[in-house]
Amino acid sequence: FFDNQWHHIVCSRGVSQSEMYVDGILINSGSSGTAPGWDGLNSWSTMQVFLGDNPNNVTYKLKGSVASVRVYNRQLSQQEVTQNYNALKSRFI
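One numbering rule holds for all chains: residues counted from 1, following each sequence as written. Note on the predicted model: pLDDT of at least 70 is required for a residue's local features to be given, and 80 or more for side-chain atom pairs to be given and counted; whole-chain, interface and lining totals, by contrast, use all residues. Excluded from the side-chain calculation are hydrogens and water; included are all heavy atoms of the structure.

Draft legend 1. Local environment of the overall build of the chain. Secondary structure summary: the chain contains one helix and three strands in total. Each helix is a run of H or I in the DSSP string that is no shorter than four residues. Each strand is a run of E no shorter than two, and both are numbered from the N terminus. In the chain, the succession of α and β elements from N to C terminus is β-β-β-α. The 93 residues of the chain split such that 20% are buried. Partly exposed describes any residue whose relative accessible area lies between the buried limit of under 20% and the exposed limit of over 50%, with all areas from a 1.4 Å probe on protein chains only and scaled to the type maximum.

Draft legend 2. Representation of the sheet that holds strand β2 (residues 17-22). Here, strands pair whenever DSSP counts at least two bridges between them. Pairing within the open sheet is antiparallel, and its three strands lie in the order β1-β2-β3. Either end of the sheet is taken by a strand with one partner, and the two such strands are β1 (9-13) and β3 (25-31). Between one strand axis and the next, the sheet turns by 15° as a mean value, whatever way the strands run. For helices, the fitted line uses only the C-alpha atoms of the stretch in contact; every axis is such a line through C-alpha atoms, and the angle between N-to-C directions lies from 0 to 180 degrees.

Draft legend 3. The arrangement of the environment of Gly64 in detail. Turning to its location among the elements, Gly64 is positioned in the loop between β3 and α1 (78-88). Residues Gly64 and Gly52 lie twelve residues apart in sequence; the distance between their C-alpha atoms is 8.8 Å.

Draft legend 4. Spatial organisation of the pattern of salt bridges. Within this document, salt bridges are pairs made up of a side-chain nitrogen of Lys or Arg and a carboxyl oxygen of Asp or Glu, the two lying within 4 Å of each other. Tallied over the entire structure, the rule returns one salt bridge. Residues Arg74 and Glu80 are paired through a salt bridge, measuring 3.0 Å at the closest nitrogen-oxygen approach. For Arg74, a relative accessible area of 43% puts it in the partly exposed group.

Draft legend 5. Highlighting the pairing of β2. The buried count for β2 comes to five of six residues, which makes it a mostly enclosed element. Examined bridge by bridge, β1 and β2 share five bridges and lie antiparallel to one another. In the strand pairing of β2, Ser12 is matched with Glu19. Between the end of β1 and the start of β2, which pair antiparallel, lie three residues. Bridge count for β2 against β3 is six bridges, and the pairing is antiparallel. Bridge pairing in β3 links Gln17 to Ser31. Connecting β2 to the next strand, β3, in antiparallel fashion are two residues, including Asp23 with a positive phi near 55°.

Draft legend 6. View of unusual backbone geometry. You will see that Asn4, though not glycine, has its phi angle at about 60°, which is positive. Its location among the elements puts Asn4 in the segment before β1. Relative accessible area serves as the criterion here: at 81%, Asn4 is assigned to the exposed category. Of note in this structure, Asp23 is not a glycine but carries a positive phi near 55°. With respect to the helices, strands and loops of the structure, Asp23 is situated in the loop between β2 and β3. Taking the relative accessible area as the measure of exposure, Asp23 reaches 21% and is therefore partly exposed.

Below, the structure is given as structure tokens:
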């Protein structure tokens, strides 16, 4: 998704499963012990949250803009991710 277009990205974590969605589509999932889609070395239970920054690798920084952020205290379902994407996508097309 490095195409100079806006994208809706969701990382969702539950007790046993974590997922990553782009534009409402599940692109990766895995056990909640590791972050899906990355190197598998980061443990969710010990990670700090950084938006657009990776303190473990200074070359991995966001090169773009973030329009909005939502943080939930629970795992989102596929239906909720799709609903949020559909509600927001017209702002960026």
